[in-house]
Amino acid sequence: MTATAEPTATAAAQSDAAGEPAGTDPAAAFAELYGREPEGIWAAPGRVNLIGEYTDFNDGFVMPFALPHTARAAVSRRDDGVLRLYSSDVPGGVVSLRVDELAPHSGHGWAAYPAGVLWALRAAGHPVTGADIALTSTVPTGAGLSSSAALETVTALALNDLFELGLTPAQIAVAGRRAENDFVGVPCGIMDQMASACCAEGHALHLDTRDLSLRQVPFDPAARGLTLLVVDTRVKHALGDGAYAERRAGCEEGARLLGLPMLRDLPYEELATALTTLADAGADESVIRCVRHVVGDNHRVEQVVALLDAGDLRAVGPLLNEGHVSLRDDLRVSCPELDLVVEAANAAGALGARMTGGGFGGSAVVLVEEAVAGTVAGAVVEAFAAAGHAAPGIFDAIPSAGARRLR
Ligand code: ADP
Ligand code: MG
C-alpha cells in the first residue's frame, strides 16, 4: 500500500438535495489527484431507520428511509489491476492497492470499505479490473446513519455502471454487505445497504430482510405539517460491539428453544404464549427479553406501515416511544444520552421519539409538529447542556432518493 499527498485546492462546495449540507466536489479532487477527468460521478445516501431495530438478523422487517446526506464518488476504470482510493474526509492521501492481492481482514483502515466492494464483486465472478476512485461524503460518520453503507453502495453502483455488470439495486446492496461482513469484518445486517441502494424520495422502505422483498411506502412528514428530527448524540459507548453479538446470540437461542428457524417466524399473536413456554423451559431472562423485543418491534413495523398507508403520521409517535422503551428495557441497548433525547423531546411536546440504529450512542429520531420543532430541538440541546454532555447534532431528516448516477 502506498500513499500520496492530498490535493492542494479543495473543490467548490456543492449540494443538490433539499436538506443536504454542502460537501466537496469529488470530480475536482479526482482530476487533481489522478490527472484526468472521471468517467462519472455517483451518489449514495446514508439512512435512518424509522422503526424495526435488531430485527434484520432475525429475518424480520425494517423501515428505513434515505437521508439527503450522501457519499459521492468520482470514478474511472483501470485495466491494469490497480485500485486507487482517496477520501477527502480522512487524512493520508491516495491509497494504492492491487486488486489480485485484496484479502479479507487485511487492514487498510477506511479504504477497506470500498476495496472490500471491489473484492466482493470479483469474488462473485465479476470482471472488475481496477479503478481510480475519489470519495467525499456529507453523511456523519459513526453516528448510526450508515456512512459505511453509503461508501460501499456508491462504490458498488459506480463499478456496476462502468463495468456494465447489470446488477440490480438489491445485488448492489448484497455486494456492499459482503464487503462489510467478510472483508472489513463488521457483522451488520442487510438493512443499511438496502436502504442506501433502494430508497426513494418521499418514501420509507418497508423491507422484508428474509427475501429482500420491499415496498416503497409514502412518507412525507413535511406534507403533513410534521418534522422528523435526527439527533446525533455524538457519543459511542465501547460496550456496543460485544453487546451486538450477545443480543444476536440471545435471539438465536430464543428461536432454537421455540423450535423456530428465526424469531421472524413467531407471529405477534403467539408472543405471550411463547414467553410462557420459554419461562417454563427455564430460558434465561435475557433470552426472553430478546424475544419480546424482536417480535414486538417486528409488529410495530407492520403497525407503522398501516398508519403511513392511512396517512395517519401523527399516530406513529406513540409507537416510536414504545419501540424506545423496548430497546431500553428489554434489549438494553440504549444509553443515558439517547434516553435523555427521548425524555427531553417528549417533555417539550414531541409526538414520539426513539433511539435508532445499534444503540449505545449514535442517533435518535424525534417526530414533532413542524410548528414546535425548534422548541423541541432547543429543549434537547438545553437538556444536554444541563447534564454536562457535549452539544448534539440536530437536523431535519427529509426522506430522500437512494443511490444514483449524478453525471
Ligand atoms: P456508521 O456507518 O454508522 O457511520 P461505521 O462505524 O459503520 O459507522 O462506519 C464508519 C466508518 O466508515 C469510518 O470509521 C470510516 O472507516 C468509514 N467511512 C465512512 N465515511 C467515510 C468517508 N467519507 N471517508 C472515509 N471513510 C469513511
Ligand atoms: Mg455502518
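Structure: see above.
We now turn to the structure provided with this report. (Residues numbered from 1 in each chain as written. Chains lettered and ligands numbered in written order. Predicted model: local features only at pLDDT ≥ 70, side-chain atom pairs only at ≥ 80, totals over all residues. Heavy atoms only, no water.)

1. Observations concerning the packing of aromatic side chains
Alright, step 1. A full pass over the atoms with the stated rule returns six aromatic pairs.
Alright, step 2. On the basis of an interplanar angle of 75° and a centroid distance of 4.8 Å, the ring pair of Phe-30 and Tyr-34 is categorised as edge-to-face. Taken together, the residues Phe-30 and Tyr-34, both in helix H1 (residues 26-34) and four residues apart, mark about one turn of the helix. For the residue pair Phe-30 and Tyr-34, the accessibility class agrees, reading buried in each case.
Alright, step 3. For the ring pair Tyr-54 and Phe-57, a centre distance of 6.0 Å and an interplane angle of 85° mean the geometry is edge-to-face. You'll find Tyr-54 and Phe-57 in the same group, each marked buried.
Alright, step 4. These aromatic residues form a ring-pair network of at least three members: Tyr-54, Phe-57 and Tyr-244. (Phe/Tyr/Trp six-rings, centres within 6.5 Å; stacked < 30°, edge-to-face > 60°. Helix = DSSP H or I, 4+ residues; strand = E, 2+ residues; numbered from the N terminus. Buried < 20%, exposed > 50% of the residue type's maximum accessible area, 1.4 Å probe, protein only.)

2. Focus: the pattern of salt bridges
Alright, step 1. Across all of its chains, the model carries 23 salt bridges by this definition.
Alright, step 2. A salt bridge links Asp-330 to Arg-292; the shortest N-O distance between them is 2.8 Å. One end of the pair, Asp-330, is in helix H9 (residues 316-331); the other, Arg-292, is in helix H8 (residues 285-309), with 38 residues separating them in the sequence.
Alright, step 3. Take Asp-330: its relative accessible area is 14%, and that puts it in the buried class.
Alright, step 4. The partner of Arg-328 in a salt bridge is Asp-329, with the nearest N and O atoms 2.7 Å apart.
Alright, step 5. On the basis of relative accessibility, which here comes to 35%, the residue Arg-328 falls in the partly exposed class. (Salt bridge = Lys/Arg side-chain N within 4 Å of Asp/Glu carboxyl O.)

3. Some points on the site of ligand 1
Alright, step 1. Close contacts around ligand 1 come from 17 residues, with Ser-87, Asp-89, Gly-142, Ser-147 and Ser-148 the closest.
Alright, step 2. Between ligand 1 and the protein, one listed contact pairs a nitrogen atom with a side-chain N or O atom of Ser-87 at 2.6 Å.
Alright, step 3. At a separation of 3.2 Å, an oxygen atom of ligand 1 approaches a polar backbone atom of Gly-144.
Alright, step 4. In the complex, the protein chains occlude 77% of the 570 Å² of accessible area that ligand 1 would expose alone.
Alright, step 5. By residue number, the principal contributor to the shell around ligand 1 is helix H3 (residues 147-162), which donates three residues.
Alright, step 6. Among the residues making up the shell around ligand 1, the classes are represented as seven nonpolar, eight polar and two charged. (Near = heavy atom within 4 Å. Polar contact = N/O pair within 3.5 Å; in protein donor to acceptor, adjacent residues only side chain to side chain. Areas by Shrake-Rupley, 256 points an atom, 1.4 Å probe, with all protein chains shown as cover. Nonpolar A, V, L, I, M, F, W, Y, C, P; charged D, E, K, R; others polar.)

4. Structural notes on the pairing of strand S10 (residues 226-236)
Alright, step 1. Burial of S10 is extensive: eight of the eleven residues sit out of reach of the surface.
Alright, step 2. In this structure, S10 lies alongside strand S12 (residues 361-369), joined through eight bridges in antiparallel fashion. Looking across to S12, one finds that Lys-236 is bridged to Gly-361.
Alright, step 3. Note that S10 and strand S13 (residues 393-396) share four bridges and pair antiparallel. By the bridge assignment, Val-230 is partnered in S13 with Phe-395. (Pairing = 2+ DSSP bridges.)

5. Some words on the pairing of strand S5 (residues 82-87)
Alright, step 1. Taken across its six residues, S5 has five buried, putting it largely inside the fold.
Alright, step 2. Sheet topology places S5 next to strand S6 (residues 95-98); four bridges connect them, and they run antiparallel. Within the sheet, the bridge partner assigned to Arg-84 lies in S6 and is Ser-96.
Alright, step 3. Bridging between S5 and strand S7 (residues 131-137) involves five bridges; their strand directions are parallel. When the bridges of S7 are listed, Arg-84 appears paired with Asp-132.

6. Observations concerning the packing of helix H7 (residues 271-280) against H8
Alright, step 1. For the pair H7 and H8, the least separation of the axes is 10 Å and the interaxial angle reads 170°. In terms of axis orientation, H7 runs roughly antiparallel to H8. Residues Leu-271, Leu-275, Leu-278 and Ala-279 of H7 lie in contact with H8, whose contacting residues are Ile-288, Val-291, Arg-292 and Val-295.
Alright, step 2. In terms of residue class, the contact of H7 with H8 is built from seven nonpolar, no polar and one charged. (Axes fitted to C-alpha atoms, helices over the stretch in contact; angles between N-to-C directions. Parallel < 35°, antiparallel > 145°, perpendicular 65-115°, else oblique. Contact = heavy atoms within 4.5 Å.)

7. Structural notes on the sheet that holds strand S11 (residues 352-356)
Alright, step 1. Spatially, S11-S12-S10-S13 is the arrangement adopted by the four strands of the open sheet, whose pairing is antiparallel. Every interior strand has two partners, whereas the edge strands, S11 and S13, have only one. For this sheet the average axis-to-axis angle between neighbouring strands, irrespective of direction, equals 20°.
Alright, step 2. Where S11 lies against S12, five bridges are found, and the strand directions are antiparallel. From the neighbouring strand, Gly-352 faces S12, where its bridge partner is Leu-367.
Alright, step 3. Of the strands in this sheet, S10, S11 and S12 touch helix H10 (residues 336-347), which is tilted by about 10° from S12.
Alright, step 4. Running over the sheet, helix H11 (residues 373-386) touches S10, S12 and S13 and is turned about 15° from S10.

8. Things to note about the sheet that holds strand S8 (residues 203-208)
Alright, step 1. Strand order in the open sheet made by the three strands is S3-S8-S9, with antiparallel pairing throughout. Strands at the two margins of the open sheet, each flanked by one partner only, are strand S3 (61-62) and strand S9 (214-218).
Alright, step 2. Relative to S9, S8 runs antiparallel, the two being bridged by five bridges. Residue pairing for S9: Ala-204 is matched across the bridge by Val-217.

9. Side note on the packing of helix H4 (residues 169-184) against helix H5 (residues 191-198)
Alright, step 1. Two elements in contact, H4 and H5, have axes whose closest approach is 8 Å; the angle formed by their N-to-C orientations is 145°. Classified by chirality, the crossing of H5 by H4 is right-handed. Seen from H4, the contacting residues are Pro-169, Ala-170, Ala-173, Gly-176, Arg-177 and Glu-180; seen from H5, they are Gln-193, Met-194, Ala-197 and Cys-198. (Left-handed = near helix turned anticlockwise from the far one by under 90°.)

10. Quick notes on the environment of Asn-298
Alright, step 1. The residue Asn-298 is located in helix H8 in this model.
Alright, step 2. Take Asn-298: its relative accessible area is 9%, and that puts it in the buried class.
Alright, step 3. Distance in space between the C-alpha atoms of Asn-298 and Glu-269 is 12 Å, their sequence separation being 29 residues.
Alright, step 4. In this view, Asn-298 contacts Thr-55, Gly-60, Phe-61 and Arg-264; residues no more than four positions away in its chain are not counted.

All quantities given are derived from atomic positions and should not be read as evidence of function.
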